[in-house]
Each structure stands twice: as C-alpha cells, then as structure tokens.
Amino acid sequence: MIIDLHTHSNASDGTDSPSQLIANAIDAGIDILALTDHDTIAGWQEAEAALVSHPKGASLKLVLGSEISCQDRDGTSIHMLGLLFDPNFEPLMQEMEKTRENRLTRMERIVARLNESGIEITMAEVYSQKRDDATLGRPHLADALVARGHIANRDEAFATYLHNGSKFYINHYSPSPIDAIRLIKAAGGVSIIAHPLASRSGRKVEPEIFTELIEAGLDGIEVNHRDNAEDEKSLLLEIARQHNLVVTGSSDYHGTGKMNRLAEFTTSPEEWERLESRARERRVISK
Ligand code: AMP
Ligand code: ZN
Ligand code: FE
Ligand code: FE
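Here the structure is a predicted model, which means the values were calculated and not measured.

Undergrad: Which residues make up the overall build of the chain, and what values go with them?
TA: The helix and strand inventory of the chain stands at 10 helices and 8 strands. The C-alpha radius of gyration computed for the chain amounts to 18 Å, which stays within 12% of the reference 19 Å derived for 287 residues, consistent with globular compactness. Counting only C-alpha atoms and orienting by the principal axes, one finds that the chain spans roughly 55 × 45 × 35 Å. Taken over 287 residues, the chain has a buried fraction of 55%. The contacts in the chain between residues at least 6 apart in sequence include a share of 75% that link residues at least 24 apart. Across the chain, the centroid of the 31 positively charged side chains sits 0 Å from that of the 45 negatively charged ones.

Undergrad: Outline the coordination of the iron ion (ligand 3), supporting the account with residue identities and numerical values.
TA: Surrounding the iron ion (ligand 3) are the protein donor atoms Glu67 (OE), His79 (ND1) and His195 (NE2), which sit 2.1 to 2.2 Å from the metal. Mapped onto the polypeptide sequence, the residues donating to the iron ion (ligand 3) form the spacing pattern E-x11-H-x115-H. Separation of the iron ion (ligand 3) from the zinc ion (ligand 2) amounts to 5.7 Å. Note that glutamate 67 is positioned in strand 3 (residues 61–71) and histidine 195 in the loop between strand 5 (190–193) and helix 8 (209–216), a separation of 128 residues in sequence. On the basis of relative accessible area, histidine 195 is assigned to the buried category, the value being 3%.

Undergrad: Give me the lowdown on the pairing of strand 7 (residues 246–249), citing residues and values where you can.
TA: On strand 7, burial covers both faces: Val246 and Thr248 on one face and Val247 and Gly249 on the other are all buried. Where strand 6 (residues 220–224) lies against strand 7, 4 bridges are found, and the strand directions are parallel. Residue glutamate 222 lies in a different strand from strand 7, and its bridge partner there is threonine 248. For the crossover from strand 6 across helix 9 (residues 230–243) to strand 7, the handedness is right-handed.

Undergrad: Describe the pairing of strand 4 (residues 77–83), and please don't skip the residues or the numbers.
TA: The buried count for strand 4 comes to 6 of 7 residues, which makes it a mostly enclosed element. Here strand 3 runs beside strand 4; their pairing, made up of 7 bridges, is antiparallel. Residue serine 66 lies in a different strand from strand 4, and its bridge partner there is glycine 82. Counting the residues in the hairpin turn of strand 3 and strand 4 gives 5 residues, including glycine 75, whose phi is positive at 90°.

Undergrad: Explain the domain arrangement of the chain to me, using residue names and the numbers behind them.
TA: We note that the domain assignment places domain 1 (3–96 + 174–277) and domain 2 (109–162) within the chain. The C-alpha centroid of domain 2 is placed 25 Å from the C-alpha centroid of domain 1. Between domain 1 and domain 2, the residue contacts involve 13 residues of the former and 7 residues of the latter. Between domain 1 and domain 2 lies a buried interface of about 760 Å² when both sides are counted; carbon and sulfur atoms form 42% of it. For the interface between domain 1 and domain 2, the tally reads 1 salt bridge.

Undergrad: Requested: an account of the coordination of the zinc ion (ligand 2), with residues and values cited.
TA: Tetrahedral coordination by four donors places them ideally at 109.5 degrees to one another around the metal; octahedral coordination by six donors ideally gives 90 or 180 degrees. The protein atoms donating to the zinc ion (ligand 2) are Asp13 (OD), Asp13 (OD), His38 (NE2) and His254 (NE2), with metal-donor distances spanning 2.0 to 2.6 Å. Linear spacing of the donor residues for the zinc ion (ligand 2) on their chain is D-x24-H-x215-H.

Procedures and definitions
- Residues numbered from 1 in each chain as written.
- Chains lettered and ligands numbered in written order.
- Predicted model: local features only at pLDDT ≥ 70, side-chain atom pairs only at ≥ 80, totals over all residues.
- Heavy atoms only, no water.
- Helix = DSSP H or I, 4+ residues; strand = E, 2+ residues; numbered from the N terminus.
- Rg over C-alpha atoms; globule rule 2.2 N^0.38 Å.
- Buried < 20%, exposed > 50% of the residue type's maximum accessible area, 1.4 Å probe, protein only.
- Contact = heavy atoms within 4.5 Å.
- Lys, Arg positive; Asp, Glu negative; His and termini not counted.
- Charge placed at Lys NZ, Arg CZ, Asp CG, Glu CD.
- Donors = N, O, S within 2.8 Å, 3.2 Å for Na, K, Ca; no water.
- Pairing = 2+ DSSP bridges.
- Right-handed = clockwise from strand over helix to strand, strands pointing away.
- Domains from an automatic or database assignment.
- Buried area = accessible area lost by both parts, 1.4 Å probe.
- Salt bridge = Lys/Arg side-chain N within 4 Å of Asp/Glu carboxyl O.

Following this line, the structure appears as structure tokens:
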C-alpha cells in the first residue's frame, strides 16, 4: 500500500493540473493520495472528476484536503494539513478566503520592494504564471522572475530573493495554528501539522507548542518529510508516541516546481486507518 497524504496541484503552487496529478499518482502506483493545495479547495472538483473518468481510476483512493497557512504568536510560519473536512462548513472556507485575499496585497508589496531594488517585474507577469483561481504564492513570483530572465529556476529564486529571511520577504495574514485546528475539527476533518521542525526550510517550531495544539485537537504529525532532519524525526516520533498522535509521511509533491517526487515518503496503512477513523465521516473518494 502506497499512501501519500500531502501533494499540490496548480490550484496553488504545484505545476500539475489536478487531472495530471491524478494520472501521475495512478502511474506511480499510489493507492491513497491526498490533494492539499495551499489555502484552497479549488482543485477538488477537477481531481474527483479526473479520478472517476480515468481508465485505471479504481486503483486510487482520493483524500481531499488543504494545507492551511498559519502563523504562531511569534510570527513563525506553520502549515496545517486539513483532510476529510466538510467543504460546506463556511467558517473554514471564509478563513481560507481571507488568507487568499491577503496574499494578493502581500504580493504587491513584495513586487514593490523588488522594483525599488531595481529588479523589474510586474503583478501582471506574476498573475500570468498561475491558473485564474489558484492561490497566489511566492513560487508564481519565482516563475515570473524566471520568465523575465532574472534567475534560472524556482530554487534559485528562493535562495536569492524569496526565502523567509530575505529583505524582500513579507508575511501575509493567516490564522493561528490553534484556530486552524479548531476550524478543521469543527468541519469534521482531521488535522496534521506539516513538516513541523523543518529546520532545512528555515522554519522551526518549538517542541513546546505541541501541548497547545494537542489540546486544540491536533490529530497527527507529518514526521516523514524531506524537510525534517533525522534527529528531528526521532523527536517528533517520540512526541507522537507520548500523545497518541497519528504519524504520517508524504512527498509534498509540487510537480516540476520542486524536487519532491510523488510518494518519496509515505504513511503506513495502520496510521492511515487511525487517521481516517478520527474524521467525522468517511469522505474518501473512490471510483
Ligand atoms: P508562500 O505560500 O507564498 O509563502 O510560498 C511558500 C511556498 O513556496 C511553500 O509552500 C513551498 O511550496 C514553496 N517553496 C519554498 N521554497 C521553495 C524552493 N526552494 N523551491 C520551490 N518552491 C519553494
Ligand atoms: Zn507549496
Ligand atoms: Fe508546507
Ligand atoms: Fe506543501
């Protein structure tokens, strides 16, 4: 059983359309795949339709979700995976919309800062890099910089201009991780903190934060992810065991936008079973 619970499509900053993602997951022999675009469910419909119409669609089960951008009190960026929630639960949908809208003015400000430093790029060029309804993110700006010939690829764009420590970096509005967990749970879903200690990507969550998140209803920890270093994985595993949390693993696939290969890390069937049983309803999609 190959289970990958964290992937992106071009409904956010991945490069595969939801249909291509479904086809690629089937080709990769994946049994259970979660679609988790940043702060949106815009890819859900297309993914479901693609699964149902794919000739080999019966080999794959689809878990619909989102990766919700959050911010801790001290400004640390935290990503919360929400899976199997009710898309008709308005408070959660409104919170995602608020974040998506704030990402637009945030991008204008980043673009203005780049322009002030003599790096010419326009919002129109950034928008042209994304699907109309996609959540806007720094990767689209990276693609625009590449298209202009300012830089070679997304990776270089992040290393040079767009990383969190850069003078061009600006935050966008996002809920606290506690609010995100409460909303996901109120919508009947399950919440998993994504790549929590990810020191490799410049984010680092302090272990103490887990106490609060668990009280708010955290269901799982994404232990097996390329951004977690080995010693961090051991620490996270220990925290998960102590608090009876579900342990997940996933690729965080972004198509050609990142090196991450589909199913490069996976979740065990036992852990998936535990996770799914914590959702209010069985919402997994199958052909
Ligand atoms: P944003 O959501 O606009 O703050 O942009 C953050 C997103 O950029 C993350 O979710 C990653 O998917 C992506 N990202 C971060 N670092 C890199 C990188 N080095 N190369 C490509 N994508 C990246
Ligand atoms: Zn992303
Ligand atoms: Fe993330
Ligand atoms: Fe992600």
